[in-house]
Amino acid sequence: MATRKRTTRGRKAGLRSAVKDAAWRRLSSEDDEEATEPYSSLDPSTESSGGMESLMRDFLKAQKTREEMFLRELQGLRVTVQQAVQAAPERPTGNPSPEPERENTGESSLPPPTPPPPALPSHHRAQFAHRPETPLPPFQMGDDMENYLRRFERLAQTWQWPKEQWSCRLVPLLTGRALEAYLAMDEVSADNYLQLKDSLLQKFNVSAESYRQRFRAASTPEGESPTETYYRLKHLYQRWIRPDIHSVEEIGEQIILEQLLRVMKPEARIWVKQHEPSTGLAAAQLAQQYANAHRSGLRTQPERGLESRMRSSQTREQTLCHG
């Protein structure tokens, strides 16, 4: 009998220690403080069967309280998510429907929206996507086309635009005669900035010859420093000679051509310039052709005079005979 009591007491003591350890582990969390309150009233010295049943009921009650608390938290989280989804604005999936006309109530209305800019050609739209606008005013009548293109090129280099986009960024800024020059080009040539630039300069009569004349007739205006004059002459020289695309021999031919035209007679110089020679040798050959043509004309001129005098004398003789 004593052995049975010691065994029963040993089992009860082991069960009480296990339950006590589980209760202390749950007390380590702040969320489980309320659920583990029943364990604080347990008496480890309880040895009766009634105390064991009370301990189990308290444990089940605490577990149920814990589950109810978690369920309430999940429900609250679900409501919060639903409210956030309903408050978010809906994105339009297609073309927005036109707004209904507002009734004129006499109240002050907002100013009308600014109309969108004219649409660009289809082959230009993709290059303008997600790109800043050109920070340059449109070209106006009376502006210097050469200086305007220089400003555009410097801005393009500063903003690091790809060169294949320079043409499509310049076109929206063109007006008047400049726009006419662009419209006269085909689409393939208009997409090339260098070809577009040449067309614009030709439209405004800006060529290598005009740069040469400005370089030779340059002077220092009042208020301009020698350094500014130097850079202005250097720019004219580069536009006239084009050292970026011409070799040393070609540059030498340009200088010889200029000097050769200067020493020619005025009538021969005009005739040679009309043929636009690219080298000094070509200009010399054209001048020789001009001289040969006029020399042959001088030789035939006396013969024509002799024929006219002979005809006049024959006419005079016939008049005397019939008279």
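Residue numbering note: each chain is counted from 1, following its sequence as written. In view of the model being predicted, local features appear only for residues whose pLDDT reaches at least 70, and side-chain atom pairs are presented and counted only at 80 or more, with totals across whole chains, interfaces and linings using the full set of residues. Side-chain descriptors were evaluated using all non-hydrogen atoms of the structure, hydrogens and water having been removed beforehand.

## Considering the overall build of the protein
In this text, helices come from DSSP runs of H or I with a minimum length of four residues, and strands from runs of E with a minimum of two, each type numbered from the N-terminal end. Within the protein, the regular secondary structure consists of 13 helices and zero strands. Along the chain direction, N to C, the helices and strands of the protein fall in the order α-α-α-α-α-α-α-α-α-α-α-α-α. Note on classification: 1.4 Å probe, protein chains only; a residue is buried when its accessible area is under 20% of the maximum for its type, exposed when over 50%, partly exposed between these limits. Taking all 323 residues of the protein together, 21% fall into the buried category. Pairs at least 24 apart in sequence give 51% of the contacts found in the protein among residues at least 6 apart. Surface exposure here means Shrake-Rupley accessible area, sampled with a 1.4 Å probe, where a residue is shielded only by the protein chains that are shown. When the accessible area of the protein is evaluated, it comes to approximately 25200 Å², of which 54% is carbon and sulfur surface. The contact rule is simple, with two residues in contact once any of their heavy atoms fall within 4.5 Å.

## Points about the environment of Met185
Structurally, Met185 is set in the loop between helix H6 (176-183) and helix H7 (187-190). According to the relative accessible area criterion, Met185 is buried, its value standing at 16%. In this structure, the C-alpha to C-alpha distance between Met185 and Ser199, residues 14 residues apart in sequence, is 8.2 Å.

## Structural notes on the packing of helix H4 (residues 145-158) against helix H8 (residues 193-203)
Between N-to-C directions, angles cover 0 to 180 degrees, with each direction set by a line fitted to C-alpha atoms, over the stretch in contact for helices. Two elements in contact, H4 and H8, have axes separated by 10 Å at closest approach and are oriented at 160°. Relative to H8, H4 is oriented roughly antiparallel. The hand of the H4/H8 crossing is right-handed. Facing H4, whose interface residues are Met145, Glu146, Leu149, Phe152 and Glu153, H8 presents Tyr193, Lys197, Leu200 and Leu201. As a working rule, the residues Ala, Val, Leu, Ile, Met, Phe, Trp, Tyr, Cys and Pro are called nonpolar, Asp, Glu, Lys and Arg charged, and the rest polar, with Gly in that last group. Partitioning the contact of H4 with H8 into residue classes produces six nonpolar, no polar and three charged. Convention used here: angles under 35 degrees read as roughly parallel, angles over 145 as roughly antiparallel, angles from 65 to 115 as roughly perpendicular, and any remaining angle as oblique. By convention, the crossing between two helices is left-handed when the near helix turns anticlockwise from the far helix through less than a right angle, and right-handed when the turn is clockwise.

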